[in-house]
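Here are the chains, one letter per residue:
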Amino acid sequence: MSKLFRAVIMGPPGSGKGTISERIAHNFGLKHLSSGDFVRENISSKTDAGVLAKTYINKGLLVPDHVMTRLLLPRLEEMTKYSWLLDGFPRTLAQAEALNSSCDLDVAINLNIPLETLKERLRHRWIHPPSGRVYNMCFNPPRIQGLDDITGEALIQQEDDRPEALVARLRHYKDVAKPVIDFYKAKGILYTFSDTETDRIWPNINTLLSTKIPAIQSDARCASTR
Ligand SMILES: Nc1nc2c(ncn2[C@@H]2O[C@H](COP(=O)(O)OP(=O)(O)O)[C@@H](O)[C@H]2O)c(=O)[nH]1
Ligand SMILES: Nc1ccn([C@@H]2O[C@H](COP(=O)(O)OP(=O)(O)O)[C@@H](O)[C@H]2O)c(=O)n1
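All values reported here derive from a predicted model rather than from experimental measurement.

Caption draft 1: How the structure looks around the overall build of the protein. Secondary structure summary: the protein contains eight helices and seven strands in total. Taking 17 Å as the expected radius of gyration for a compact globule of 226 residues, we find that the protein reaches 17 Å, a close match to that expectation. For the C-alpha atoms alone, the extent of the protein along its principal axes is close to 45 × 35 × 35 Å. With an accessible surface of roughly 11500 Å², the protein has 54% of that area assigned to carbon and sulfur atoms. Distance between charge centres in the protein, computed from 30 positive and 26 negative side chains, equals 1 Å.

Okay, here's the thing in structure tokens:
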């Protein structure tokens, strides 16, 4: 049987994980699994995990490991036939270890973006919650201001992108990410990309994945979930 491709993409809030994941999903035909979207779906449908998660997100904190793994791992079990890219999970060493016991990763992409760039981007980030589509009023604005390109529905700014929650999120990210980065470095699968622009990072990621993915059988591929 041919091998499926499994990757994670890590980086602080605003580092471009969602933007780059969409490009990867589109170019390489992987499933893009966004942990942030899973959390938001659970919040909207008011599941127990969603109600609990919301109390942390509103404070700019990470959702506890046991809640995140309970949300995420069952979704991965539904994906055993597919190649996928997991965006935003793991965020902590405990999550990385839980993931490690359920599957073998091929690549861990780590986005290293300066703090000032992150702050600036998130100030301008607007999303369309039902689809998870992400816009930026400067970098990729919607065709009509304030409205989603596909549905014409209103865009919103997420509570946790507001400046009060943002600084706490960014600080917390740094503390918890270091052991995860070290974990993947020790496994020899860590690839770090540093720049202020997604468009400069993207060609390097594209080249890396082109060397890793061709071996995958075409019927194991599938379109992005979005
Ligand atoms: N100015 C600028 N904005 C970007 C760039 N890359 C992504 N963005 C925007 O920055 C925000 C954060 O990107 P996103 O992909 O949501 O990051 P994530 O939080 O890591 O998933 C979004 O509004 C993106 O449209 C870039 O190179 N330049
Ligand atoms: N592994 C994860 C993933 C998301 N989350 C929470 O869900 C929020 C939204 O996730 P996201 O990946 O869309 O957003 P960013 O924080 O990258 O902008 C995060 O800010 C965290 O509060 C978490 O706590 N742990």
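Moving on, there is more to tell.
Caption draft 2: Layout of the pairing of strand S1 (residues 6–10). Burial within S1 is extensive, with five of its five residues counted as buried. Residues Arg6, Val8 and Met10 of S1 are buried on one face, and the alternating residues Ala7 and Ile9, pointing to the opposite face, are buried as well. Sheet analysis places S1 next to strand S3 (residues 84–87), joined by four bridges and oriented parallel. Each residue of the ladder has a partner; that of Arg6, found in S3, is Trp84. In this structure, S1 lies alongside strand S4 (residues 107–112), joined through four bridges in parallel fashion. In the sheet register, Met10 faces S4, and the bridge partner there is Asn110.

Caption draft 3: Structural detail: the nonpolar core. Within the largest apolar cluster, 34 residues are counted, with the highest numbers of intra-cluster contacts made by Trp84, Leu86, Leu99, Leu105 and Tyr184. Those residues in contact with Tyr184, other than ones at most four positions away along the chain, are Val8, Met10, Pro90, Ala96, Leu99, Leu105, Ala108, Ile189 and Leu190. Ranked by size, the runner-up nonpolar core spans 23 residues in total, among them Ile20, Phe28, Leu30 and Leu166.

Caption draft 4: Here's a closer look at empty space enclosed by the protein. Per the counting criterion, the structure on display carries one cavity of 30 Å³ or more. In this structure, the largest cavity occupies an estimated 30 Å³ of space. For the lining of the largest cavity, the per-class residue count stands at five nonpolar, two polar and two charged.

Caption draft 5: Here's a closer look at the environment of Cys138. Here Cys138 lies in the loop between strand S6 (133–136) and helix H7 (163–187). Cys138 sits in the exposed class, given a relative accessible area of 57%.

Caption draft 6: Looking closely at the sheet that holds S3. Taking strand neighbours across the sheet as the criterion, the five strands line up as S2-S3-S1-S4-S7 in an open arrangement whose pairing is parallel. Bordering the open sheet on either side are strand S2 (31–34) and strand S7 (190–194), each of which pairs with just one other strand. For this sheet, the mean inter-axis angle between neighbouring strands, taken without regard to orientation, is 20°. Packing against the sheet, helix H8 (residues 198–212) makes contact with S4 and S7, and its axis sits at approximately 160° to S7.

Caption draft 7: Representation of the UniProt feature "domain: Adenylate kinase active site lid" (unreviewed entry) in the protein in the model. UniProt's entry tags residues 125–160 with the feature "domain: Adenylate kinase active site lid" (unreviewed entry), counted in the numbering of this structure. A distance of 11 Å separates the end C-alpha atoms of residues 125–160, which is 0% helix and 22% strand.

Caption draft 8: Structural context of the site of ligand 1. Around ligand 1, the surrounding shell holds 17 residues, and the nearest of these are Gly14, Thr19, Arg125, Tyr135 and Thr198. Contact distances for ligand 1 include 3.2 Å between an oxygen atom and a backbone N or O atom of Ser15. Between an oxygen atom of ligand 1 and a main-chain N or O atom of Gly16, the distance comes to 3.1 Å. When ligand 1 is considered free in solution it has 580 Å² of accessible area, and contact with the protein chains removes 91% of it. Looking at the shell around ligand 1, the elements that each hand over two or more residues are helix H1 (17–28) and S6. Of the residues assigned to the shell around ligand 1, the class counts are five nonpolar, eight polar and four charged.

Caption draft 9: Fine view of the UniProt feature "binding site: a ribonucleoside 5'-triphosphate" (unreviewed entry) in the protein. In the numbering used here, UniProt assigns the feature "binding site: a ribonucleoside 5'-triphosphate" (unreviewed entry) to Gly14, Ser15, Gly16, Lys17, Gly18, Thr19, Arg125, Val134, Tyr135 and Thr198. As for the annotated residues named above, the ones lining the largest cavity are Lys17. By the secondary structure assignment, Gly14 is in the loop between S1 and H1. With a relative accessible area of 11%, Gly14 lands in the buried category. Not counting the four nearest positions on each side in its chain, Gly14 is found in contact with Leu118, Arg121, Leu122 and Arg125. In this structure, Lys17 sits in helix H1. Of the residues examined, Lys17 reaches a relative accessible area of 7% and is grouped as buried.

About the thresholds
Residues numbered from 1 in each chain as written. Chains lettered and ligands numbered in written order. Predicted model: local features only at pLDDT ≥ 70, side-chain atom pairs only at ≥ 80, totals over all residues. Heavy atoms only, no water. Helix = DSSP H or I, 4+ residues; strand = E, 2+ residues; numbered from the N terminus. Rg over C-alpha atoms; globule rule 2.2 N^0.38 Å. Areas by Shrake-Rupley, 256 points an atom, 1.4 Å probe, with all protein chains shown as cover. Lys, Arg positive; Asp, Glu negative; His and termini not counted. Charge placed at Lys NZ, Arg CZ, Asp CG, Glu CD. Buried < 20%, exposed > 50% of the residue type's maximum accessible area, 1.4 Å probe, protein only. Pairing = 2+ DSSP bridges. Core = buried A, V, L, I, M, F, W, Y, C linked by side-chain atoms within 4.5 Å. Contact = heavy atoms within 4.5 Å. 1 Å grid on protein atoms, 1.4 Å probe; cavity = no way out; pocket = protein on both sides within 12 Å on 5 of 7 lines; lining within 4 Å. Points joined across faces, edges and corners; volume = space filled by probe spheres on them. Nonpolar A, V, L, I, M, F, W, Y, C, P; charged D, E, K, R; others polar. Axes fitted to C-alpha atoms, helices over the stretch in contact; angles between N-to-C directions. UniProt positions renumbered as here; feature names shortened; annotations may be inferred. Near = heavy atom within 4 Å. Polar contact = N/O pair within 3.5 Å; in protein donor to acceptor, adjacent residues only side chain to side chain.

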